[in-house]
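Now for the letters of each chain:
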Amino acid sequence: MSQPEAPARPLRTLIVEDEPLARIHLRDLVQGTMTLQLVGEAANGRDALARLAELTPDVLFLDIQLPELDGLAVLQRATHQPQVVFTTAYDSHAVHAFELGAADYLVKPFTRERFDRAVARLISRNQSHSPSSDEARDAGLLQRVRALQEQAADDQPLRHVYVRERGQVLPVAVDQIERLEADDDYVVLVVGGRRHLLTVPLSELLRRLDAGRFVRVHRSHAVNLDHVRAMLPADAGRWAVVMQSGDRILASRTGTRQLRESMGRSRG
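These figures come from a predicted structure and were not determined experimentally.

Undergrad: Tell me what's going on with the sheet that holds strand β3 (residues 59-63), and back it up with residues and numbers.
TA: If you trace the 5 strands from one edge of the open sheet to the other, you get β2-β1-β3-β4-β5, paired in parallel fashion. Each end of this open sheet is capped by a strand with a single partner; those strands are β2 (36-42) and β5 (104-107). In this sheet, neighbouring strand axes are inclined to one another by 20 degrees on average, regardless of whether the strands run parallel or antiparallel. The pairing of β3 with strand β4 (residues 83-88) spans 5 bridges and is classified as parallel. The residue bridging D63 from the neighbouring strand is T87, located in β4. Where helix α1 (residues 20-31) meets the sheet, its contacts fall on β1 (11-16), β2, β3 and β4, and the angle it forms with β2 comes to roughly 160 degrees.

Undergrad: Please set out the pairing of strand β8 (residues 179-183) residue by residue, giving values where relevant.
TA: The two faces of the sheet receive side chains in turn, since in a regular strand these alternate between them. The pairing of β8 with strand β9 (residues 186-191) spans 5 bridges and is antiparallel. Its bridge partner lying in β9, R179 is registered against V190. Here β8 hands over to β9 after 2 residues, with D184 in that stretch at a positive phi of 60 degrees. Of the pairings in the sheet, the one linking β8 to strand β12 (residues 221-224) comprises 3 bridges and is antiparallel in character. Each bridged residue has a counterpart across the sheet, and for E181 the counterpart in β12 is H221.

Undergrad: How would you explain the side chain of E17 if you had to name every residue and give the values?
TA: Position of E17 relative to the elements: it lies in the loop between β1 and α1. Here the side chain of E17 touches K108 through a polar contact of 3.0 Å, side chain to side chain.

Undergrad: Explain the pattern of salt bridges to me, using residue names and the numbers behind them.
TA: One pass over the full model with this rule turns up 15 salt bridges. For K108, the salt bridge is made with E19, and the minimal N-O distance between the two is 3.6 Å. One end of the pair, K108, is in the loop between β5 and α5 (112-128); the other, E19, is in the loop between β1 and α1, with 89 residues separating them in the sequence. According to the relative accessible area criterion, K108 is buried, its value standing at 15%.

Undergrad: Account for the sheet that holds strand β14 (residues 238-243), with residues named and values stated.
TA: The antiparallel open sheet is built from 3 strands, whose spatial order is β13-β14-β15. On the outer flanks of this sheet lie β13 (228-235) and β15 (248-250), each paired with one strand and no other. Ignoring strand direction, the axes of neighbouring strands in this sheet form an average angle of 25 degrees. With 6 bridges connecting them, β13 and β14 associate as antiparallel partners. In the sheet register, P233 faces β14, and the bridge partner there is W239.

Undergrad: For unusual backbone geometry, give the residues involved together with the corresponding values.
TA: Positive phi, normally seen in glycine, also occurs at T56, with a value near 40 degrees. Structurally, T56 is set in the loop between α2 (45-55) and β3. Taking the relative accessible area as the measure of exposure, T56 reaches 39% and is therefore partly exposed. One non-glycine residue, E68, lies in positive phi territory at about 75 degrees.

Undergrad: Help me get a handle on the pairing of β9, residues and values and all.
TA: Within β9, 6 of the 6 residues are buried, leaving the element largely enclosed by the surrounding structure. Of the two faces of β9, both are covered, the one formed by Y186, V188 and V190 as well as the one formed by V187, L189 and V191. Sheet topology places β9 next to strand β10 (residues 194-198); 5 bridges connect them, and they run antiparallel. Within the sheet, the bridge partner assigned to V190 lies in β10 and is R195. Linkage of β9 to β10, two consecutive antiparallel strands, is achieved through a turn of 2 residues, within which G192 is found at a positive phi near 60 degrees.

Undergrad: Break down the environment of D47 for me, citing the residues and quoting the values.
TA: Positionally, D47 belongs in helix α2. Assessed through its relative accessible area of 40%, D47 is described here as partly exposed. Residues D47 and E68 lie 21 residues apart in sequence; the distance between their C-alpha atoms is 9.3 Å.

Undergrad: Could you give an account of the nonpolar core, naming the residues involved and the relevant values?
TA: Judged by nonpolar contacts, the single largest core of 22 residues is most densely connected at V16, L60, L62, V74 and F86. Looking at this core, the elements that each hand over two or more residues are β1, β2, α2, β3, α3 (71-77) and β4. Ignoring any residue separated from it by four or fewer positions in sequence, one finds V74 in contact with G45, A48, L49, L52, L66 and L69. Counting 18 residues, the second largest nonpolar core, distinct from the first, contains V174, L198, F214 and A222.

What counts and what doesn't
- Residues numbered from 1 in each chain as written.
- Predicted model: local features only at pLDDT ≥ 70, side-chain atom pairs only at ≥ 80, totals over all residues.
- Heavy atoms only, no water.
- Pairing = 2+ DSSP bridges.
- Helix = DSSP H or I, 4+ residues; strand = E, 2+ residues; numbered from the N terminus.
- Axes fitted to C-alpha atoms, helices over the stretch in contact; angles between N-to-C directions.
- Contact = heavy atoms within 4.5 Å.
- Polar contact = N/O pair within 3.5 Å; in protein donor to acceptor, adjacent residues only side chain to side chain.
- Salt bridge = Lys/Arg side-chain N within 4 Å of Asp/Glu carboxyl O.
- Buried < 20%, exposed > 50% of the residue type's maximum accessible area, 1.4 Å probe, protein only.
- Core = buried A, V, L, I, M, F, W, Y, C linked by side-chain atoms within 4.5 Å.

Below, the structure written as structure tokens:
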């Protein structure tokens, strides 16, 4: 994969992190790259709001769990909305990151290599960003924060996800998703023949989807049963899943058992 070109100027960066050692680690990483310029830090949610308004950074590294105001409350109240990279000690918060259209998320402790990948995504998104989309982007973020808080309250499966396309954040109905592919600690959605990368692991996304519809057929693949055309014997103990699009996914033995169980539940 080709690397995006460096921005014309370093992206002005604010770090919001309440753990001193984690803040020092992130500070060292930010100061170690030519594409980011550290302009400030905050250790709690209220200070973060003040620093956001004062500094108007391009990039915000934001811990989700903060004293006084958590990361979601910071985003909901902020008058300035930069690109956001969540930092968290909990992998499950990655789902929050993709639901909000964040540039990326980092699970602590993270390596320089993982940090560099997040920076590459920031640069790519910065290149596709249109200043005229700021107002729509800000309104959309607030709407997604509220929707996320409502969904967290009733713990219902996701009904839609957000994907980025040509600098916009677009909703995709979950029932339109044909299948999912793991891509390291990201996941690829296949929708109508198009591929969309989300910054969330496959296992975490599946926990928020309807288990009666989405079945993990392989360590790296899950399918939406509504988009399956046929399931054919492949070899001893394994099936090949044929999608309506014609794509074929070879299920693992564990995945084949999951498919059989799903078929049994649907007949019941």
